[in-house]
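Listed below, chain by chain, are the residues.
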Amino acid sequence: CCKLASGKWGCCPLPSAVCCNDGVHCCPEGTTCEVSTGKCKRGDISLTWFEKVPAISTAEVSNVQCDATHECPTGDTCCKLTSGQWGCCPLPKAVCCSDGVHCCPEGTTCEVSTGKCKRGDITLTWFEKTPVLTMDEKVSNVKCDATHECETGKTCCKLASGQWGCC
């Protein structure tokens, strides 16, 4: 979670992301934000930065529907597994890799031969899909308090600001 220019919370579509001080963008872990160029930098390598999305309020939280009988937790992406069944990628709007096991953040491509996600000259570790939830399973988000919750499988954590975050 990162503060948006509006002062509200936003989410970067990458785990352990670096929040840029422009209040709009973020970069992959291990890179730095270069606001003057609109890029993420690591040494001599630069790539286009990612845009944060607004955090969802508890009134907007719902699971992601894969089909009539399968769903993934809020914030995940439905992807087919090697078995042909649905799986869940723990990223929003993820790219589902053709190996049927992994996925990558939005705006990257799967490099199956290297086992990495690629965006320009930057490579990121790819993510493993998790089992899909069936509608007959009781799926509920984790309650932090009366007005805040985290998606299924995450933990409520207090941020330094005193606000709730999801780990």
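Quick look at the structure, then. Owing to the predicted nature of the structure, the values given are computational and were not obtained by experimental measurement.

Focus: the sheet that holds strand 20 (residues 130–131)
Adjacent strands of a sheet pair through backbone hydrogen bonds, lying either parallel or antiparallel.
Phase 1 of the analysis: A sheet is described by the order of its strands in space; here 3 strands give the open sequence 12-13-20, paired in antiparallel fashion. Each edge of the open sheet carries a strand with a single partner, namely strand 12 (77–80) and strand 20.
Phase 2 of the analysis: The pairing of strand 12 with strand 13 (residues 86–89) spans 4 bridges and is classified as antiparallel. Counted as the bridge partner of Thr 77 is Cys 89 from strand 13.

Section: the sheet that holds strand 19 (residues 127–128)
Phase 1 of the analysis: Here we have 3 strands laid out as an open sheet, ordered 14-15-19, and antiparallel in their pairing. Of all the strands in the sheet, just strand 14 (95–96) and strand 19 have a single pairing partner and so form its edges.
Phase 2 of the analysis: Relative to strand 19, strand 15 (residues 102–104) runs antiparallel, the two being bridged by 2 bridges. Bridging across to strand 19, His 102 finds its partner in Glu 128.

A few points about the state of the cysteines
Defined simply, a disulfide is a covalent bond joining two cysteines at their sulfur atoms.
Phase 1 of the analysis: Counted by the stated rule, this structure contains 8 disulfides.
Phase 2 of the analysis: The disulfide that involves Cys 66 links it to Cys 78, with 2.0 Å between the sulfurs. Between Cys 66 and Cys 78, the disulfide has an S-S torsion of -85 degrees and is therefore left-handed. Linking Cys 66 in the loop between strand 10 (64–65) and strand 11 (70–72) with Cys 78 in strand 12, this pair joins segments that are 12 residues apart in sequence.
Phase 3 of the analysis: With its sulfur 2.1 Å from that of its partner, Cys 104 forms a disulfide with Cys 117. Handedness here is read from the sign of the S-S torsion; for Cys 104 and Cys 117, about -90 degrees, the answer is left-handed. Linking Cys 104 in strand 15 with Cys 117 in strand 17 (residues 116–119), this pair joins segments that are 13 residues apart in sequence.
Phase 4 of the analysis: Residue Cys 117 is classed as buried on the basis of its relative accessible area of 0%.

Here is what the cut-offs are and how they apply
Residues numbered from 1 in each chain as written. Predicted model: local features only at pLDDT ≥ 70, side-chain atom pairs only at ≥ 80, totals over all residues. Heavy atoms only, no water. Pairing = 2+ DSSP bridges. Helix = DSSP H or I, 4+ residues; strand = E, 2+ residues; numbered from the N terminus. Disulfide = S-S within 2.5 Å. Buried < 20%, exposed > 50% of the residue type's maximum accessible area, 1.4 Å probe, protein only.

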